[in-house]
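These are the residues of each chain, in order.
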Amino acid sequence: MTNRDIIRAFKLTASLLELHAANPFKIRSYQNAALNLERLEQPLLGMTPDEVAGLEGIGKGMAERIARLEETESFPELDELLTQTPPGVVKMLSLKGLGPKKVRTLWQSLKVESEQALLEACENDQVAALKGFGKKTQESIRESILFSMRNAGKLHLSAAEALAEQVRQLLLDTGAVQRVEIAGQTRRKLEIVDQLELLAAIEQPSVLWKALENHVMLAKDESASGPFVWRGHLTEADVPVAILTCRPEEFAGEWLLLSSADAHLQWAAASGHALVSVARNGAFASEEAIYQEAALPAFPPELREGMLEAQVLEQGEVPRLLEMADLKGILHNHSTYSDGKHTLEEMARYCQELGYQYLGISDHSKTAAYAGGLQEFRVQQQHEEIDRLNKTLAPFKILKGIESDILGDGSLDYADDVLASFDFVVASVHSNLGMDQAHATDRLLRAIENPYTTMLGHPTGRLLLRREGYPLDFRRIIDACAEHNVIIEINANPWRLDLDWRWVPYALEKGVLISINPDAHEKAGYADMYYGVCMGRKGGLTADKTFNAWPLDKVETWLQKRRSKA
DNA sequence: GCCGTTTTCGGCCCGACTGTTTTCAGTCG
């Protein structure tokens, strides 16, 4: 059990207690324990019972529950609550717009015990008739359920890569295959993956199938499988898996085909290149050799989406896409000044250790009270600490930033003189996420027009597989960023990956700079930049158009010039 | 249930917003 698992168990317990109308302060204590554990750096596993009980928000009782969680992955109160609650009702708790109180009403009054039953109740107008509910609430619940059903069994790229690698390892461990590689959506680095695909080079597939029988991780679907293909799902994650096989000499061709969107192959055919038949009918050492034979530039898997191919062909070669090694600094990060886990100094030193030249710290602004957003005097304190640290860390540098909330009317939540005290301002929406396209677009446009806005943070507010972002007129947003010289971030958190990569080409066309920002709330969060780089590559992003791939002096000059205009 | 004490019980993180109300509960970040 990791800290995260324990936090999840406490949050679930709090929700279930609320669902069962328990003492509100008992509920609060679970929430409070979870909240405090979120701020904890060191793993609970391995701490002594006394140390655990000494933590903020953790008393004797919570310490015992943590011990039970580590032993049995649960504890009696949670077990009891779960037996009293139908699984479908527990699932309802994670629907957007539904909290424990509303779920309780639905469960008690309408006797609905599954998402399906709730959906039917919405469609029969039963929900709107309940006290405290209405037409709008009913419609938003209906949409939430449909969203949840659409996304069942899908994975974030981060999870897909980890699981696909596990499957790859277990196939290698059988000793039956010569080579196994990840293919499909995972290899193309799509932000959401609905099937894991792997390709194995093997002369006798039946040997492999034999080795996979009764494997704990894989459940075979006999009717969908065949002599050369294994189909089924992961036992734990309920994700579809396809293991395809080919003869070793066919590997490059099959891998290419399996790692391309249909639109890519169709584009090749439509533009008069026999890519598919070349790949199918010949032994090649590599995918590059196949592209060459088909008289095409060697498209990396990220670009095989049927989107940028024509542009690449016109230019005659694939641009050198952004790589992790190109990044020189890390912007948009949080520290313990707001809701981060590590101190400013820890964040800075770790960033320096990783070999970066600069760190942009941008804690939450004062409106984000839930996240400990910075009042003006805290901004001042942080700037003084940054000045001190910069003296000892030089030539490494901490840039003074803020993640300023974009309020409902599009204004930022500090006075101009405070905004002027930062090296850079990331403007982001965190509240009032349900606006329609016209209002949401106007709101962002106003924030972009603010002369102190350096960078637009996670433009749509989406959480992949969890909630849709608000709708935006992206052309107008990107046009405005071009006009006002505002950078757009690709928020690299695998749950966000926002700006969507499909809009990167238009941003590049308009000359808008992109920044790959991890939105790190702890040191380990820097690693997420990898996913941001994946998204940038899918959109054809290169190092020269990536703000944080610029060296410190160039970044500082750019920021200073921009601020002097403000 | 936890905490901080005025050691034996009272107080507990917060502001905005939405949709429902007709003054506010529930949800969210």
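For clarity, every value in this text was computed on a predicted model and none was experimentally measured.

A. Here's a closer look at the sheet that holds strand 2 (residues 179–183). Ordered by their spatial adjacency, five strands build an open sheet running 2-4-7-6-5, and the pairing between neighbours is mixed. Lying at the two open borders of the sheet, with one neighbouring strand each, are strand 2 and strand 5 (218–220). Neighbour-to-neighbour, the strand axes of this sheet turn through a mean angle of 30°, independent of strand direction. Sheet topology places strand 6 (residues 229–234) next to strand 7 (residues 240–246); five bridges connect them, and they run antiparallel. What sits directly across from Trp230, in strand 7, is Ile243. The strands touched by helix 12 (residues 205–212) within the sheet are strand 4 (196–201), strand 5, strand 6 and strand 7, with strand 7 carrying the most contacts at an inclination of about 150°.

B. Representation of the nonpolar core in the model. Core analysis: the biggest nonpolar cluster contains 69 residues, and Leu359, Ile398 and Ile516 have the highest contact counts within it. Apart from the residues lying within four places of it in its own chain, the contact partners of Leu359 are Ile330, Asn333, Met347, Ala348, Cys351, Phe396, Lys397, Ile398, Leu399 and Tyr526.

C. Region of the structure containing the protein's contact with DNA strand B. Inspection of the region around DNA strand B gives 30 residues, with Gly97, Gly99, Gly134, Asn432 and Arg467 positioned closest. Taken together, the sugar and phosphate atoms account for 74% of what DNA strand B places within 4 Å of the protein. Gly97 is positioned such that a nitrogen or oxygen atom in its backbone is 2.6 Å from a phosphate oxygen of DNA strand B. At the level of secondary structure, the elements contributing two or more residues to the surface near DNA strand B comprise helix 2 (24–38), helix 4 (60–72), helix 7 (100–110) and helix 9 (135–150). It is helix 2 that contributes the most residues to the surface near DNA strand B, five residues altogether.

D. Broad picture of the domain arrangement of chain A. Assigned domains of chain A: these are domain 1 (3–150), domain 2 (156–315) and domain 3 (324–565). For domain 1 and domain 3, the distance between their C-alpha centroids amounts to 32 Å. Every contact between the two is made by seven residues of domain 1 and, on the other side, seven residues of domain 3. For domain 1, the biggest contributors to the area lost against domain 3 are Arg39, Glu41 and Phe147; these three give 65% of the whole. At the boundary of domain 1 with domain 3, the tally comes to one salt bridge. A salt bridge links Glu468 to Arg150; the shortest N-O distance between them is 3.7 Å. Joining domain 1 to domain 3, the criterion identifies one residue pair in polar contact (both at pLDDT 80 or more). Partitioned by chemical class, the residues of the side of domain 1 that touches domain 3 number two nonpolar, no polar and five charged.

What counts, and where the lines are drawn
- Residues numbered from 1 in each chain as written.
- Chains lettered and ligands numbered in written order.
- Predicted model: local features only at pLDDT ≥ 70, side-chain atom pairs only at ≥ 80, totals over all residues.
- Heavy atoms only, no water.
- Pairing = 2+ DSSP bridges.
- Helix = DSSP H or I, 4+ residues; strand = E, 2+ residues; numbered from the N terminus.
- Axes fitted to C-alpha atoms, helices over the stretch in contact; angles between N-to-C directions.
- Contact = heavy atoms within 4.5 Å.
- Core = buried A, V, L, I, M, F, W, Y, C linked by side-chain atoms within 4.5 Å.
- Buried < 20%, exposed > 50% of the residue type's maximum accessible area, 1.4 Å probe, protein only.
- Near = heavy atom within 4 Å.
- Polar contact = N/O pair within 3.5 Å; in protein donor to acceptor, adjacent residues only side chain to side chain.
- Domains from an automatic or database assignment.
- Buried area = accessible area lost by both parts, 1.4 Å probe.
- Salt bridge = Lys/Arg side-chain N within 4 Å of Asp/Glu carboxyl O.
- Nonpolar A, V, L, I, M, F, W, Y, C, P; charged D, E, K, R; others polar.

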